[in-house]
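Coordinate analysis (summary)
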Amino acid sequence: MVKLEICVDNPVSFINAVKGGADRIELCAALNSGGITPSMGFIEWALAHTKIPLRIMIRNRGGDFVYDDCDMACMVADVNRLPNHPMLEGIVFGALRMDNTIDTDNVHRIVDTTDVKCTFHRAFDWCIDYRAALSALSQMAIDTVLTSGQRADAWQALDTLAHMGTVCGDIQIMSCAGFAPTPDRVQRLHQAAPAPWIHMAAATLWRGNVSSVPMGGDEGSENMFITQTEMVASVHKVLQCL
């Protein structure tokens, strides 16, 4: 059976994802920035309420994936502060060099800090050579790579995703299906490029109590993405049959 991971950045989405039948949660903050490290309060709350495994995003800022020593010190500290909990299955991390190759030194600095599992996130899709990237990651304690086939939309990269699945070795490929794909599209994605995991947000945009005074640099930064229980459930039902 293909399993479903849902990424969430708020408690409502977390509750909805679990109700919908998610097999695992990627816990983060600021999905509208691609996801960054969630607060310790959110992590502890999620662990107190979860019945399924969690992987925690480790990314101290938005922007690119080239990190200096200050960035790395922040992220190593975040990993060291993670609670020891049976449902904290792993972390989610990625680091690149300026030439968009895997920064093996910085990846080692993170994965060697912890005994939990590690997903290399979609920084992988910026790599100039995915074969070389997979080869480099296979030499480290990375068990999963999240990818949309190095394209913005996985449906534009079905051949690439399918080939990744044949050259990934012991690394699991997790296909990134996007924010709100239909069950039919998820089924066709898996049929064209089989992978053991599907990753998505299953979310829609929620416009909250918005003022005329902006709180961020981007228009609409006060909006949130809320995971929809029915969307998770419908995709999960399809995946159970694959």
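Description of the structure in this document. (Residues numbered from 1 in each chain as written. Predicted model: local features only at pLDDT ≥ 70, side-chain atom pairs only at ≥ 80, totals over all residues. Heavy atoms only, no water.)

**A word on the packing of aromatic side chains**
Both the distance between ring centres and the angle between the ring planes are used here to describe each pair of aromatic rings. Per the stated rule, a full pass over the model turns up 4 aromatic pairs. Between Phe14 and Trp45 the ring centres are 5.3 Å apart and the planes differ by 70°, which places this aromatic pair in the edge-to-face class. With Phe14 in helix 1 (residues 11–20) and Trp45 in helix 2 (residues 40–49), this residue pair connects regions lying 31 residues apart in the sequence. Judged by relative accessible area, Phe14 falls into the buried class, the value being 2%. (Phe/Tyr/Trp six-rings, centres within 6.5 Å; stacked < 30°, edge-to-face > 60°. Helix = DSSP H or I, 4+ residues; strand = E, 2+ residues; numbered from the N terminus. Buried < 20%, exposed > 50% of the residue type's maximum accessible area, 1.4 Å probe, protein only.)

**Remarks on helix 3 (residues 69–80)**
Helix length check: helix 3, at 12 residues, gives a terminal C-alpha distance of 16 Å against a target of 16 Å (1.5 Å per residue), a fit within 8%. Within helix 3, the full set of buried residues consists of Asp71, Met72, Met75, Val76 and Val79. Taken end-on, helix 3 shows its buried residues confined to a sector of 125°, consistent with a single buried face. Turned more than 90 degrees off the buried face of helix 3, the exposed positions are Cys70 and Asn80. Buried residues along helix 3 sit in contact with strand 4 (88–93) and helix 4 (104–111). Here helix 3 starts with a cap whose side-chain oxygen sits 3.0 Å from the backbone nitrogen of Cys70, and that cap is Asp68. (Expected span 1.5 Å × (residues − 1). Arc of directions from axis to C-beta. Contact = heavy atoms within 4.5 Å. Polar contact = N/O pair within 3.5 Å; in protein donor to acceptor, adjacent residues only side chain to side chain.)

**Concerning the side chain of Thr119**
Tracing the sequence through the fold places Thr119 in strand 5 (residues 117–120). Under the relative-accessibility criterion, Thr119 is labelled buried at 1%. One polar contact links Thr119 to Arg55, side chain to side chain, over a distance of 2.8 Å. Other than its neighbours up to four places away in sequence, Thr119 contacts Arg55, Ile91, Val92, Phe93, Asp143, Thr144, Leu146 and Met174.

**Observations concerning the sheet that holds strand 7 (residues 172–178)**
Ordered in space as 1-2-3-4-5-6-7-8, the 8 strands form a closed barrel in which the pairing is parallel. Pairwise comparison of adjacent strand axes, ignoring direction, gives a mean angle of 25° for this sheet. Where strand 2 (residues 24–27) meets strand 3 (residues 54–57), 3 bridges bridge the pair, whose relative direction is parallel. Considered in strand 3, the bridge of Leu27 is made with Ile56. (Pairing = 2+ DSSP bridges. Axes fitted to C-alpha atoms, helices over the stretch in contact; angles between N-to-C directions.)

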